[in-house]
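# Structural overview for review
Chain residues, written in single-letter form:
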Amino acid sequence: MNFFVDTANLAQIKEAADLGVLDGVTTNPSLMAKEGIKGEEAVRQHYLNICKLVDGPVSAEVIATDFEGMIKEGEALAALHPNIVVKIPMIEDGLKALRYFSDKGIKTNCTLIFSAGQAILAAKAGATYVSPFIGRIDDINWSGVELIEQIVHIYQNFAFRTQVLAASIRNPLHIVQCAELGADVVTCPLSAMKGMLKHPLTDIGLQKFLADHAKNNG
Ligand code: E4P
């Protein structure tokens with residue numbers, strides 16, 4: 001199972017990388033806006049900075065929504081660094097762009113996946129990753145984790161090579177549930193990743209070990 005951090009914040013990416021468990025990064029236009037990254041050159045430089053911090057796939061999302069625009073933007077993004085994965089929205093022209101990039105050997109991440117049908121189309125078009133948004137599904141009183149289960153099952157049925165990248169993760173439980181279901185990748189905020197570290201019995205146990213050691217050693 002691969003762990004990606006879902007942020008464009010360089011300090012958080014470095015912190016996640018320093019934990020020694022980071023495999024990649026996902027970004028989206030909202031995350032780039034949150035960091036105040038604007039203008040083509042600044043965006044390009046920011047992706048390069050991210051690629052310096054992590055030696056793994058870095059998803060960079062296109063802004064265009066028409067086929068030609070997505071191809072132009074995606075090719076420019078892919079040319080930036082070998083680790084860049086072109087992130088394409090699940091729309092009609094996006095599907096065509098996935099096929100185009102797949103045929104050219106350029107890696108893609110099909111984003112904004114909310115149904116198994118969309119995941120099937122993305123896999124048929126040769127997407128490297130699909131990103132089902134589980135937190136946003138939970139937000140509308142549905143089960144995001146059930147969608148992961150469904151997609152993993154379908155992909156296994158047909159040995160699709162597209163990887164299930166569980167996105168819109170909100171908490172450590174989401175990560176563990178996705179792991180149980182066999183999602184290939186989870187992309188999560190640093191807080192959810194670090195939340196997995198915590199257990200009160202670990203803290204209590206450590207306090208006791210240290211107290212006993214101190215008593216024994218004066
Ligand atoms: C990542 O690829 C997605 O863009 C991201 O996980 C969406 O998360 P959100 O629902 O918390 O915005």
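The paragraphs below set out a description of the structure included in this document. Computed from a predicted structure; not experimentally measured.

Here strand 6 (residues 129-132) pairs with strand 7 (residues 163-166) via two bridges, running parallel. Paired with tyrosine 129 across the bridge in strand 7 is glutamine 163. Relative to strand 8 (residues 185-188), strand 7 runs parallel, the two being bridged by two bridges. Across the sheet, leucine 165 pairs through a bridge with valine 185, a residue of strand 8. The parallel pair strand 7 and strand 8 is bridged by helix 9 (residues 172-181), and the resulting crossover is right-handed.

As a packed pair, helix 6 (residues 116-124) and helix 8 (residues 144-158) sit with axes 10 Å apart at the nearest point and diverge in direction by 35°. Two packed elements cross with a definite hand, and for helix 6 against helix 8 that hand is right-handed. Seen from helix 6, the contacting residues are Ala116, Ala119, Ile120 and Ala123; seen from helix 8, they are Leu147, Gln150, Ile151, Ile154 and Tyr155. When its residues are assigned to classes, the contact of helix 6 with helix 8 shows eight nonpolar, one polar and no charged.

A contiguous nonpolar patch, built from Leu173, Val176 and Met196 and spanning about 250 Å² of accessible area, is present on the exposed surface. Take methionine 196: it is sitting in the loop between helix 10 (190-195) and helix 11 (200-216).

This paragraph deals with the sheet that holds strand 3 (residues 58-61). One closed barrel holds the eight strands; their spatial order is 1-2-3-4-5-6-7-8, and the pairing between them is parallel. Geometrically, the sheet is characterised by an average inter-axis angle of 30° between neighbouring strands, direction not taken into account. Lying over the sheet, helix 3 (residues 40-53) contacts strand 2 (24-26), strand 3 and strand 4 (84-89), oriented at roughly 170° with respect to strand 3.

What follows concerns helix 9. Regarding helix 9, the residues found buried are His174, Ile175 and Cys178. End-on, the buried residues of helix 9 take up no more than an arc of 100°, which puts them together on one face. Summarising the geometry of helix 9, the exposed residues directed more than 90 degrees from the buried face are Leu173 and Glu180. Contacts from the buried residues of helix 9 go to strand 1 (2-6), helix 7 (134-139), helix 8, strand 7, strand 8 and helix 10. For helix 9, the N-terminal cap is asparagine 171; the gap from its side-chain oxygen to the backbone nitrogen of leucine 173 is 3.2 Å. Directly after helix 9, the chain includes glycine 182, whose backbone phi takes a positive value near 90°.

A few words on the environment of glutamine 45. Note that glutamine 45 resides in helix 3. Among the residues examined, glutamine 45 registers a relative accessible area of 35% and is labelled partly exposed. Distance from glutamine 45 to leucine 80, taken between C-alpha atoms, is 9.1 Å for residues 35 residues apart in sequence.

Residues in contact with the ligand, as listed here, are Asp6, Thr26, Asn28, Lys87, Phe133, Arg136, Ala167, Ser168 and Arg170. A distance of 2.5 Å separates an oxygen atom of the ligand from a polar side-chain atom of aspartate 6. The contact in question runs from an oxygen atom of the ligand to an N or O atom on the side chain of lysine 87, over 2.6 Å. When the free accessible area of the ligand is taken as 340 Å², the share hidden by the protein chains comes to 84%. For the shell around the ligand, the per-class residue count stands at two nonpolar, three polar and four charged.

Cut-off values and rules
- Residues numbered from 1 in each chain as written.
- Predicted model: local features only at pLDDT ≥ 70, side-chain atom pairs only at ≥ 80, totals over all residues.
- Heavy atoms only, no water.
- Pairing = 2+ DSSP bridges.
- Helix = DSSP H or I, 4+ residues; strand = E, 2+ residues; numbered from the N terminus.
- Right-handed = clockwise from strand over helix to strand, strands pointing away.
- Axes fitted to C-alpha atoms, helices over the stretch in contact; angles between N-to-C directions.
- Left-handed = near helix turned anticlockwise from the far one by under 90°.
- Contact = heavy atoms within 4.5 Å.
- Nonpolar A, V, L, I, M, F, W, Y, C, P; charged D, E, K, R; others polar.
- Patch = residues over 30% accessible without salt bridge, like charges linked within 9 Å, V, L, I, M, F, W, Y side chains within 5 Å.
- Areas by Shrake-Rupley, 256 points an atom, 1.4 Å probe, with all protein chains shown as cover.
- Salt bridge = Lys/Arg side-chain N within 4 Å of Asp/Glu carboxyl O.
- Buried < 20%, exposed > 50% of the residue type's maximum accessible area, 1.4 Å probe, protein only.
- Arc of directions from axis to C-beta.
- Polar contact = N/O pair within 3.5 Å; in protein donor to acceptor, adjacent residues only side chain to side chain.
- Near = heavy atom within 4 Å.

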